[in-house]
Amino acid sequence: MPISRAQIATESGEKLLERLCKHWAHKLEVEQQGNEGRVSFEDGSCLLWAEPDRLQVAVEALDEEGLDRLEGVVASHLERMAGDEALQIVWEN
């Protein structure tokens, strides 16, 4: 299973994680405890953990096409949840 990771510099990591998990919990299986979260998608998963100065994200999918799709979904939702804060999201495989 292909995996991508991103380290996103932000002082709002825990807030973003909570907002994203709450948003997705309406239609996906979500586990959140403290500063860590896991979201299960139909064709993969997303792990998030907040640190004081960054949000770490790991996306895993069944294939490369699914990985590309999940990277886009997670990035667009993070940017929406961040509001006015500009996030720089660079995925590394």
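As shown above, the structure is provided for reference.
Not measured: the values here are computed from a predicted model.

What counts as what
- Residues numbered from 1 in each chain as written.
- Predicted model: local features only at pLDDT ≥ 70, side-chain atom pairs only at ≥ 80, totals over all residues.
- Heavy atoms only, no water.
- Helix = DSSP H or I, 4+ residues; strand = E, 2+ residues; numbered from the N terminus.
- Rg over C-alpha atoms; globule rule 2.2 N^0.38 Å.
- Buried < 20%, exposed > 50% of the residue type's maximum accessible area, 1.4 Å probe, protein only.
- Contact = heavy atoms within 4.5 Å.
- Areas by Shrake-Rupley, 256 points an atom, 1.4 Å probe, with all protein chains shown as cover.
- Lys, Arg positive; Asp, Glu negative; His and termini not counted.
- Charge placed at Lys NZ, Arg CZ, Asp CG, Glu CD.
- Expected span 1.5 Å × (residues − 1).
- Arc of directions from axis to C-beta.
- Core = buried A, V, L, I, M, F, W, Y, C linked by side-chain atoms within 4.5 Å.
- Salt bridge = Lys/Arg side-chain N within 4 Å of Asp/Glu carboxyl O.

Looking now at the overall build of the protein chain. A count of helical and extended segments in the protein chain gives two helices and five strands. Start at the N end of the protein chain and walk to the C end: the helices and strands fall as β-α-β-β-β-β-α. At 12 Å, the protein chain has a C-alpha radius of gyration in line with the 12 Å of a compact globule built from 93 residues. Referenced to the eigenvectors of the C-alpha coordinate spread, the extents of the protein chain come out at roughly 30 × 25 × 20 Å. Across the 93 residues in the protein chain, those meeting the buried criterion constitute 41%. Counting only contacts in the protein chain whose residues sit at least 6 apart along the sequence, the fraction spanning at least 24 positions is 54%. Only carbon and sulfur atoms are counted for the fraction: they give 44% of the accessible area of the protein chain, which is about 5600 Å². When the 9 positive and 20 negative side-chain charges of the protein chain are each reduced to one mean point, those points stand 6 Å apart.

Attention shifts here to helix H1 (residues 13–24). Relative to the 16 Å expected for twelve residues at 1.5 Å per residue, H1 spans 17 Å between its end C-alpha atoms, a close match to the ideal helical length. Along H1, the positions that sit buried rather than exposed are Gly13, Leu16, Leu17, Leu20, Cys21 and Trp24. The buried residues of H1 all sit within an arc of 125 degrees when viewed along its axis, so they share a single face. Summarising the contacts, the buried residues of H1 are in contact with strand S2 (29–33), strand S3 (36–41), strand S4 (44–51), strand S5 (54–61) and helix H2 (64–82).

A few words on the nonpolar core. Leu55, Val57 and Leu78 are the most contacted members of the largest nonpolar core, which totals 26 residues. Contributions of two or more residues to this core are made by strand S1 (3–9), H1, S3, S4, S5 and H2. The element contributing the most residues to this core is H2, with seven residues.

Moving on, we come to the pattern of salt bridges. Tallying each qualifying case throughout the model produces three salt bridges. Put simply, Asp43 and Arg69 hold a salt bridge, and the shortest N to O gap is 2.7 Å. Placement of the pair is Asp43 in the loop between S3 and S4 and Arg69 in helix H2, with a sequence separation of 26 residues. Residue Arg69 is classed as partly exposed on the basis of its relative accessible area of 41%. Note that Asp53 and Arg54 form a salt bridge whose closest N and O atoms lie 3.7 Å from each other. Under the relative-accessibility criterion, Arg54 is labelled partly exposed at 26%. Taken together, the shared-partner salt bridges connect Glu51, Asp53 and Arg54 into one network.

As far as function goes, none of this settles anything; it's purely spatial.
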